[in-house]
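# Chain and residue survey
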Amino acid sequence: MSNDTSSLGDESCFFLEVVLFKATDRALFITTIFAIVLNAIFSVVAVVGNSIILLVIIRTRALRTCSNFFLGNLVLSDLLVGAVVQLLFVIYKTGEALENYSCLVQALYATSAWLSAGVSFLTLTALNCERYIAIFAPLRYNILVKPRRVFIVSVFMWLFSLLLVSSRFYGLINIIFYVICCIIIVMSLVTFLLISIQIHRVVKRHRTQIASMKFLPSVKKQAQEASHARNVTWVTFIFFMCYLPNLAVMIAYTMVGYSVTLKTFYVWSDTLVFLNSSINPGVYCWRNKGLRKAVLKFVNVRLVVNSDWFAQKQADRRTPRVAVITDNMALSSEHNLTSRSGEEIQSAPS
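The following refers to the structure shown. (Residues numbered from 1 in each chain as written. Predicted model: local features only at pLDDT ≥ 70, side-chain atom pairs only at ≥ 80, totals over all residues. Heavy atoms only, no water.)

## Section: the overall build of the chain
Within the chain, the regular secondary structure consists of nine helices and two strands. Across the chain, helices and strands are ordered from the amino to the carboxyl terminus as β-β-α-α-α-α-α-α-α-α-α. Going through the 350 residues of the chain one by one, you find that 43% of them count as buried. Sequence separation of 24 or more characterises 76% of the internal contacts of the chain that already satisfy a separation of 6 or more. (Helix = DSSP H or I, 4+ residues; strand = E, 2+ residues; numbered from the N terminus. Buried < 20%, exposed > 50% of the residue type's maximum accessible area, 1.4 Å probe, protein only. Contact = heavy atoms within 4.5 Å.)

The structure is reproduced here in structure tokens:
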């Protein structure tokens, strides 16, 4: 996520504080070039990976659960990072390295980055709450968690995040914006920690029951839900690990101000945040057996279809050549027969 600052003297750009540095600073320049290359590569990885996960969730009936609907919302946010945020980051940083700074590109980049981050934090909070209800209130789960409600909550997340980031264009003070963002981050982190502790206790209890042969059928579903919740915990944990360096740099910025060194750390922390969108599809397949099987099936089908299409193409290309060769052979045979007939007539006795 951008710190909403940039390079060549002090300027203003919409709601952004722009602090430009010339590319003569070698460490910052090299860091920027590496970040541009990494983001250009991993933007493709994020788009391809998250597109496959999203298509699999939509097309596989067994995966159309409320939990996976929230997961799909997170995937959509990661898809936004790969398709838009990282692309704008590459354009923005390339212009900055060439001393051709664009205010519009930076504003669009900062806005889209905050939008995807806001949706991700809210979605993970909702996903952890959904897992809590599934484990600790299973009898009320179907009453509290319904596909229509999940859809409404997901739309609300996008609209709220979009309203929050766009309000900066209409005069929302930066300090108020950062306070709201901090509240969302803290709320998401606290929710994650509390629910993770509760889930850990449930998993530990189930292991004890299995070890003592007291694992009753009545708690089998709770054990399955807890296992799924651990998958969500892994996704959330990796998400926060990728975001914490960026949050640390943001805190340092508010306390000590901006500098070339801090800007260098900002570039790397932003890149780490964006890499999370490329990592997540692998984490989903690693932790979710059902999703992994569906993805492998989807990829295999596509490979077979593409292979058949390529083979058909090659066959279609060979067919005209074979036809031409056959026609030429037929004409040659006919010509030879005609020549022989003429010779026989001429050699016949009169």
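## With respect to helix α3 (residues 103-136)
Given 3.6 residues per helical turn, the α-helix brings residues three or four places apart onto the same face. With 34 residues, α3 extends 50 Å between its outermost C-alpha atoms, agreeing within 8% with the 50 Å of an ideal straight helix rising 1.5 Å per residue. Backbone nitrogen of Val 105 and a side-chain oxygen of the N-cap are separated by 3.3 Å at the start of α3; the cap is Ser 102. (Expected span 1.5 Å × (residues − 1). Polar contact = N/O pair within 3.5 Å; in protein donor to acceptor, adjacent residues only side chain to side chain.)

## Re the environment of Thr 111
For Thr 111, the position within the fold is in helix α3. Residue Thr 111 is classed as buried on the basis of its relative accessible area of 16%. Residue contacts for Thr 111: discarding those within four places in its chain leaves Phe 15, Val 165 and Phe 169.

## With respect to the packing of aromatic side chains
Aromatic ring pairs are reported here in terms of the distance separating the ring centres and the angle at which the planes meet. In this structure the tally under the stated criterion is 17 aromatic pairs. Plain terms: the ring middles of Phe 156 and Phe 160 are 5.9 Å apart, the flat faces sit at 25 degrees to each other, and that makes the pair stacked. On the criterion of helical spacing, the pair formed by Phe 156 and Phe 160 is a turn pair, its members being four residues apart in helix α5 (residues 147-166). Owing to a relative accessible area of 53%, Phe 156 belongs among the exposed residues under this scheme. Using a relative accessible area of 31% as the deciding quantity, one classes Phe 160 as partly exposed. With a centroid separation of 5.1 Å and 70 degrees between ring planes, the pair formed by Trp 234 and Trp 286 is classed as edge-to-face. (Phe/Tyr/Trp six-rings, centres within 6.5 Å; stacked < 30°, edge-to-face > 60°.)

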